[in-house]
Amino acid sequence: MNYDNIEILFVEDSTDDAILTIRALKKSGFTNKLHHLTDGAEALDFFYCKGIYSSRNSADLPKLILLDVKMPKVSGIQVLEKLKSDPQLRSIPVVMLTSSNEGPDVEKCFALGANSYIVKPVDSDNFFNAIKEIGLYWMILNQPPS
Amino acid sequence: MTKNDSDKLIIANKEIAFQNEEKENRAAELNIANKELLYQTSEKKNRAAELVIANKELIFQNSEKEDRAAELVIANKELAFQNEEKEKRAQELIIANRELIFQNEEKEKRASELVLANKELAFQNKEKEKRAVELLTANRELKKAEDDIRVLNEELEQKVTERTAQLLAANKELESFSYSVSHDLRAPIRAINGYTKILVEDYGESFDADGELVLQSIIHNSKKMGELIDDLLAFSKLGRKEVTFSTVNMDELLGEVIAEILPTENENIPKFDIKLLPSAKGDKSLIKQVWINLISNAIKYSSHKKETRIEIGASLKGNQVTYYIKDEGAGFDMQYYDKLFGVFQRLHSQEEFEGTGIGLAIVQKIIHRHNGTIWAESKLTEGTCFHFSLHKA
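Residues numbered from 1 in each chain as written. Chains lettered and ligands numbered in written order. Predicted model: local features only at pLDDT ≥ 70, side-chain atom pairs only at ≥ 80, totals over all residues. Heavy atoms only, no water.

## Remarks on the overall build of chain A
In step 1: Looking only at helices and strands, chain A features five helices and five strands.
In step 2: Each helix and strand of chain A, ordered N terminal to C terminal, gives the series β-α-β-α-β-α-β-α-β-α.
In step 3: A globule of 146 residues ought to have a C-alpha radius of gyration of about 15 Å, and chain A, at 14 Å, matches this closely.
In step 4: In terms of principal-axis extent, the alpha carbons of chain A reach across some 40 × 35 × 30 Å.
In step 5: Out of the 146 residues in chain A, the part that is buried amounts to 52%.
In step 6: The contacts of chain A with a sequence gap of at least 6 include a subset with a gap of at least 24, amounting to 65%. (Helix = DSSP H or I, 4+ residues; strand = E, 2+ residues; numbered from the N terminus. Rg over C-alpha atoms; globule rule 2.2 N^0.38 Å. Buried < 20%, exposed > 50% of the residue type's maximum accessible area, 1.4 Å probe, protein only. Contact = heavy atoms within 4.5 Å.)

Here it is, written out as structure tokens:
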């Protein structure tokens, strides 16, 4: 499989949320090359070119990471911590996705350097709009350091 | 010569003869006297010698006596001096004596006083001894009580520690429960809602009108369940949130709230009549939530009326300030008043007015967490007035 030129890296363990999120992104016109991973461990393999990603070019970085907070094995927060403490990777915008704003996750994510924190709305219209706006802001409006 | 003359001569002669005889007698006597005188002279001479001796003796004795007299004079003077001294001394002694007598009297008085005092002391001593015994007993009892208290305290402390641990555990459990509810219930509902939306969008033509209605119901109900979960979480979070008190400027806060919630594209724009509002002590963000919920309710329940009129005011009493918000909306039947502030309790049907029934429960919880009170009065179809009290700033 070709892992080059991936623009949006989407890490989400829930198949349902993944289907709905990808559909919302596509419907909003973000046909940029998107890659979906299902857990944090795989995300770390991706960035550090391990396992099935051993042949990937490590200098080839996505423009945006959508990271679910609650995942089995390696959680989104652990992935975030790793990414934001790595000088090579810390400038990639990371949008945290979560099912609720309960618990201490919000403060923790921002303290670790998350660029945004989105509670996935239950209502499909709101959910669609939220995903569309994330794409719009981070892929088009946001100006990353060159 | 005459006879007289001769007679005179004879008489004179006789006289002379007599004198002669007398002279002779006299001479004889003189002679004897002379002899006697001679004797006496000799005797006197003897006597004189004796007298000289005696005189000498007397002179000697005299001188002795004079010496003695001088000595006596001296002795006398000395005695007189001694006498004076003795008198002085006697005088002094008299004074001293008086003084001693006085002192003696005083001492006796004092002694009797001391005796009394001594008795008193002895009595007091006894009392003190009694008291000491009582105190000792009391002390022992106190010590025992103290020990008991210490033991009880320790037990209590232990219990508090245990209870705190239990509460902490319960709280943690509750938090993780909330977290789970929030995460794990929301996700499937989101999926149901999302997939139904896909059905409507991508496969809408395959459904007839009834089928379309069912899809809309699924979407609506799943959305509703999401709201209920969120409301429930918001309500349970409120109980755990710490209330931070500060002075809340109510005029300012109300202005903020109205600007935030005022419907923009609604023909029924509410007409507010806002009186001067005193400041209160409270948690600004929580009090803001109270106003948001109450004003939203007032607007919502007035939506069937031609006009929306909302009056907001306050009154001061003691250290309490009581605010009120009065609408002319649908009102409610006061016989269901006890359900008004209940969680998920509603006095109107969903078709009449939408809502989850959490708004007033949240309002009441916030007011109670401020140690305030909230109540309402209403008349069906005429309107409702809510009152709530807070500590004035």
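Having seen it, we continue.
## Details of the UniProt feature "coiled-coil region" (unreviewed entry) in chain B
Residues and elements named next belong to chain B.
In step 1: Following the UniProt record, one finds the feature "coiled-coil region" (unreviewed entry) at residues 11-40 and 125-173.
In step 2: Annotated as residues 11-40, this span is 100% helix and 0% strand, and its ends, taken at the C-alpha atoms, are 41 Å apart.
In step 3: Span residues 125-173 is 100% helix and 0% strand, its end C-alpha atoms 68 Å apart. (UniProt positions renumbered as here; feature names shortened; annotations may be inferred.)

## Regarding helix H4 (residues 105-112) of chain A
Residues that lie three or four places apart on an α-helix share one face, since the helix turns once every 3.6 residues.
In step 1: Those residues of H4(A) that fall on the buried side of the exposure criterion are A:Asp105, A:Val106 and A:Cys109. Within H4(A), the buried residues cover an arc of 100° as seen down the axis, which keeps them to one side. Set apart from the buried face of H4(A) by more than 90 degrees, the exposed residues are A:Glu107 and A:Ala111.
In step 2: Of the surrounding secondary structure, the elements contacted by the buried residues of H4(A) are helix H3 (76-84), strand E4 (94-98) and strand E5 (116-119) of chain A together with helix H1 (3-203) of chain B. (Arc of directions from axis to C-beta.)

## Brief notes about the packing of helix H3 (residues 250-261) of chain B against helix H4 (residues 284-300) of chain B
Two numbers describe a pair of packed helices, the interaxial angle and the distance between the axes.
Residues and elements named next belong to chain B.
In step 1: Two numbers describe how H3 lies on H4: the axes approach to 10 Å, and their chain directions differ by 50°. When the interaxial angle is binned, H3 and H4 end up oblique. Seen from above, H3 lies across H4 with right-handed handedness. For the pair H3 and H4, contact is made by Met 250, Leu 253, Leu 254, Glu 256, Val 257, Ile 258, Glu 260 and Ile 261 and by Lys 284, Ile 287, Lys 288, Trp 291, Ile 292, Ile 295 and Ser 296, respectively.
In step 2: Residue composition of the contact of H3 with H4, by class: 10 nonpolar, one polar and four charged. (Axes fitted to C-alpha atoms, helices over the stretch in contact; angles between N-to-C directions. Parallel < 35°, antiparallel > 145°, perpendicular 65-115°, else oblique. Left-handed = near helix turned anticlockwise from the far one by under 90°. Nonpolar A, V, L, I, M, F, W, Y, C, P; charged D, E, K, R; others polar.)

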